[in-house]
Amino acid sequence: MRIGVPCEPADQPCAAASPQTVERMIRLGYEVLVESGAGARAQFPDEAYEAAGARLAGGARVWGCEVVVSASAPAEEHLALMSRGAILICRLDPARHPELLESLRERGITALALDVVPRISRAQSLDVLSSQANLAGYRAVIEAASHLGRLFSGQVTAAGKFPPATVYVIGAGVAGLSAIGTACSLGAQVRGSDVRPEVADQVRSMGAQFVPLPSAQEVSSDGYAKEMSADQASAAHALYAQQAAESDVVITTASIPGRRAPVLLDRSAIEAMRPGSVIIDMAAATGGNTELTVPGQVVTTDGGVTIVGHTDLAGMLPAQATQLYGRNIVNLLGLVTPDKDGTLALDLDDEVVRAITVTHDGELLWPPPPIQVSAAPAASQPERT
């Protein structure tokens, strides 16, 4: 089978494959066609793909392959170039785009959504959200440092001394932990909070102080954070506001799959922050975690607080983002190409494959059956005497 790697739209700097991952696709038995210029914005020239064994082709031929891998959802004109029965592997955000799923179903395209990989151990190597969030957390700190206007680390000099910057991270998932580790490595004093009290040890292991919420959130059963109740949210917001007022940098990471991002810092909380403070809103793409976030823009409030609303922080590191995304795809191809013969075999009895398959044979398969990630331990039984 042929795998097509097309050029991405103007707002997507990453490609779906690097030259290194193209080599691995070929070792799985596939023929790979790359659209000329597909990797240019990620610093991968056409010559590198050819050296890896790919063939360069025009967009129509690439989209006409039996399997197409993309870093973003295709436009209608690209779907029109795909053959009935073709397989599309990309990020689809299926919960937010039912019209796209219907178009894929009508065209008879089998679509695998890489952004709904279940949070189970055997699927970790396919988890695009985690691999990109790791990069985004790092970049969030770099952006904060560039806007803060002072060093993260404290220093003692002949002219005097000054303390380290204080950083508060809300959310200790992959992105949050990456941000915490990066900020600590730059010498900042870092604190972190999460709705899940069980991540406290992970926060501390990165060198930060864990700030617990007033009320614990129930443990997620699907690997993703759940929306808090009204009472829990009210108590949490009060804590967030208090911590933000004491911090130089606040990094917010909260998101709910398929939903608008929750607002964690309202206008009054932002107005209570010190002039010169910086907020990096990592949920800007889905509405933002602050009341004043403007997705895609950097704004400064009347009180001098800078709010950074970049919608693709991982994409600001396009070479690494492409490599990790491409590895996620190769790992998926390894799962669905058990004989390494270049033939993709879709086993819908596999819980991972079923979870990410949103359309197949003209049928809509979204949402998938639930997968239980974690379960409460069974209550111990008293010994009988």
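Residues numbered from 1 in each chain as written. Predicted model: local features only at pLDDT ≥ 70, side-chain atom pairs only at ≥ 80, totals over all residues. Heavy atoms only, no water.

S.K.: Sorry, what's going on with helix H7 (residues 174-185) here?
M.R.: In an α-helix, one full turn covers 3.6 residues, which means residues spaced three or four apart are oriented alike. Its 12 residues place the ends of H7 17 Å apart at the C-alpha level, agreeing with the 16 Å of an ideal helix rising 1.5 Å per residue. In terms of burial, H7 is largely enclosed, as 10 of its 12 residues are buried. Of all the residues in H7, the buried ones are Ala175, Gly176, Leu177, Ser178, Ala179, Ile180, Gly181, Thr182, Ala183 and Cys184. Considering only its buried residues, H7 is in contact with helix H6 (128-148), strand E9 (166-170), strand E10 (189-193), helix H8 (200-205) and strand E12 (249-252). Of the residues trailing H7, Gly187 is marked for its positive phi of about 95°. (Helix = DSSP H or I, 4+ residues; strand = E, 2+ residues; numbered from the N terminus. Expected span 1.5 Å × (residues − 1). Buried < 20%, exposed > 50% of the residue type's maximum accessible area, 1.4 Å probe, protein only. Contact = heavy atoms within 4.5 Å.)

S.K.: I tried to follow the side chain of Thr301 on my own but got confused; where do I start?
M.R.: Checked against the element boundaries, Thr301 lands in the loop between strand E14 (298-300) and strand E15 (306-308). Look at Thr301 and you get buried, because its relative accessible area is 19%. Beyond its immediate stretch of four places on either side in the chain, Thr301 contacts Ile270, Leu292 and Ile307.

S.K.: Even after reading the chapter, I still don't get the sheet that holds strand E2 (residues 31-35), so can you show me in this structure?
M.R.: Adjacent strands of a sheet pair through backbone hydrogen bonds, lying either parallel or antiparallel. Overall, mixed pairing links the eight strands, which are arranged E3-E2-E1-E4-E5-E6-E16-E17 in an open sheet. At either end of the open sheet lies a strand with only one pairing partner, and these are strand E3 (55-57) and strand E17 (363-364). Relative to E3, E2 runs parallel, the two being bridged by three bridges. Bridge assignment links Leu33 to a residue of E3, and that residue is Arg55. Each of strand E1 (2-5), E2 and strand E4 (67-69) is contacted by helix H1 (residues 19-27), which is oriented at about 150° to E2, the strand it contacts most. With respect to the sheet, helix H11 (residues 318-336) is in contact with E1, E4, strand E5 (87-90) and strand E6 (110-113), its orientation differing from that of E5 by roughly 140°. (Pairing = 2+ DSSP bridges. Axes fitted to C-alpha atoms, helices over the stretch in contact; angles between N-to-C directions.)

S.K.: I'm lost on the sheet that holds strand E11 (residues 209-210) in this one. Help?
M.R.: Reading across from one edge, E11-E10-E9-E12-E13-E15-E14 is the order of the seven strands in this open sheet, with mixed pairing throughout. In this open sheet, the two edge strands, each paired with only one partner strand, are E11 and E14. Of the pairings in the sheet, the one linking E10 to E11 comprises two bridges and is parallel in character. Looking at the pairing, Arg191 lines up with Gln209 of E11. Set on the sheet, H7 makes contact with E9, E10 and E12; between it and E9 the angle comes to about 170°.

S.K.: Looking at this structure, I do not really get the nonpolar core. What am I missing?
M.R.: Across soluble globular proteins, nonpolar side chains show a tendency to be buried alongside one another. Ranked by internal contacts, the top residues of the largest apolar core, which has 57 residues, are Met25, Val69, Leu88, Ile89, Leu92, Leu104 and Leu333. Residues contacting Met25, with those up to four places away along its chain left out, are Ile3, Ala17, Tyr30, Val32, Val69, Ile329, Val330 and Leu333. (Core = buried A, V, L, I, M, F, W, Y, C linked by side-chain atoms within 4.5 Å.)

S.K.: When you look at the environment of Ala345 in this model, what are you seeing that I'm missing?
M.R.: Summarising the element assignment, Ala345 is placed in the loop between H11 and helix H12 (351-356). It is 47 Å that separates the C-alpha atoms of Ala345 and Gln209, two residues lying 136 residues apart in sequence. Not counting the four nearest positions on each side in its chain, Ala345 is found in contact with Val336 and Pro338.

S.K.: I tried to follow the pattern of salt bridges on my own but got confused; where do I start?
M.R.: Under the criterion given, the structure shown has 12 salt bridges. One salt bridge connects Glu76 with Arg107, and the closest N-O pair in it is separated by 2.9 Å. Separated by 31 residues along the polypeptide, Glu76 in helix H4 (residues 76-79) and Arg107 in the loop between helix H5 (98-106) and E6 bring together distant segments of the chain. On the basis of relative accessible area, Arg107 is assigned to the partly exposed category, the value being 29%. (Salt bridge = Lys/Arg side-chain N within 4 Å of Asp/Glu carboxyl O.)

S.K.: Mind showing me how you'd approach unusual backbone geometry here?
M.R.: Excluding glycine, a negative phi dihedral is what most residues carry, and trans is how most peptide bonds are arranged. A cis geometry characterises the amide bond from Trp366 onward to Pro367, with omega recorded as 0°. Among the structural elements, Pro367 can be located in the segment after E17. If you check the backbone angles, Gln43 has positive phi at about 65° while not being a glycine. Position of Gln43 relative to the elements: it lies in the loop between E2 and helix H2 (46-51). For Gln43, a relative accessible area of 53% corresponds to the exposed category.

Coordinates in, geometry out; function isn't part of it.
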